[in-house]
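One letter stands for each residue in the lines below.
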Amino acid sequence: MKLADAVAFVGHQVHICRFREAGTLLRWMGPDLRGKRVLDVAGGDGYWAGQARRRGARAVSIDLARNKMLYGKTLAHPPALIEGDALALPFADASFDAVLSVCAIEHFDDGGRSLAEMARVLKPGGEIFMSADVLSRADAWPKLRDAHKAKYHVQHTYTHETLGKLMNEHGLDVVAHSYQFRTAAAERLYLSLSAYGGRVGFNAAAPLAPLVALTDRRAPNERGSIVLVRARKRA
């Protein structure tokens, strides 16, 4: 394994939430993506689109962060990396079979417009797999909430209901959703790591991921720090 791939693996998969978060979205997408065109919106270095490529997809990642994409080109399974705006995707209508977006929509000034663009480039019957910040209990810890939002430039938060409403307006039907960091203790952990630990803290806390997953399974699937949504475009 090249050094760049090892660093990317640690950054994306040795992480208390990203491995389970993006891993769930990819599991929903399916193990065999041969012949499918997959777009990762705001995909950074393209790592997760690269995982779709490993499953056979013709994968594309779009982002505005040129340095991240230049780094992504050095990885073992890079997708096509395109510099572009998620609010004005440079693709024709119905260009992709699936759209992936990992915790990106909350950073956009106009989440509805970004979702409209994702829906536009998706083929009828195609699916969107996305996650977003919810921070259901964040008001209980205003300092942690404000530090998280400032550090990661979070403009809006979403639930599966609010995302579902936006999706319905653009011809998408939610077929599955899942919350992560569902309990109060898990959500406080998430916000504390975000406020004081950043990526280093999230990676250092990776051994706690199985415990968080266990508590999530035992808690109602109705709130948490992150929501995952799977939606299908109507014919």
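Before reading further, recall that the structure is shown in the block above.
Given the structure is predicted, the values throughout are model-derived calculations rather than measurements.

(A) How the structure looks around the side chain of D133. Inspection of the secondary structure assignment puts D133 in strand β5 (residues 122-133). No salt bridge is formed by the buried D133; the nearest opposite charge belongs to R18, separated by 6.4 Å. Polar contacts involving the side chain of D133 include one to the side chain of H148, which spans 2.7 Å. When residues no more than four places from it in sequence are discounted, the contact partners of D133 are C103, E106, H148, V154, T157, Y158, Y190, S225 and I226.

(B) Representation of helix α6 (residues 142-152) in the model. Among the residues of α6, those classed as buried are L144, R145 and H148. The arc enclosing the buried residues of α6, seen along the axis, measures out at 100°, which places them on a common side. Within α6, the exposed residues directed more than 90 degrees away from the buried face are K143 and A150. Buried residues belonging to α6 abut β5 and α8 (184-204). Among the residues trailing α6, H153 stands out with phi positive, at a value near 55°.

The rules behind the values
- Residues numbered from 1 in each chain as written.
- Predicted model: local features only at pLDDT ≥ 70, side-chain atom pairs only at ≥ 80, totals over all residues.
- Heavy atoms only, no water.
- Helix = DSSP H or I, 4+ residues; strand = E, 2+ residues; numbered from the N terminus.
- Buried < 20%, exposed > 50% of the residue type's maximum accessible area, 1.4 Å probe, protein only.
- Lys, Arg positive; Asp, Glu negative; His and termini not counted.
- Salt bridge = Lys/Arg side-chain N within 4 Å of Asp/Glu carboxyl O.
- Polar contact = N/O pair within 3.5 Å; in protein donor to acceptor, adjacent residues only side chain to side chain.
- Contact = heavy atoms within 4.5 Å.
- Arc of directions from axis to C-beta.

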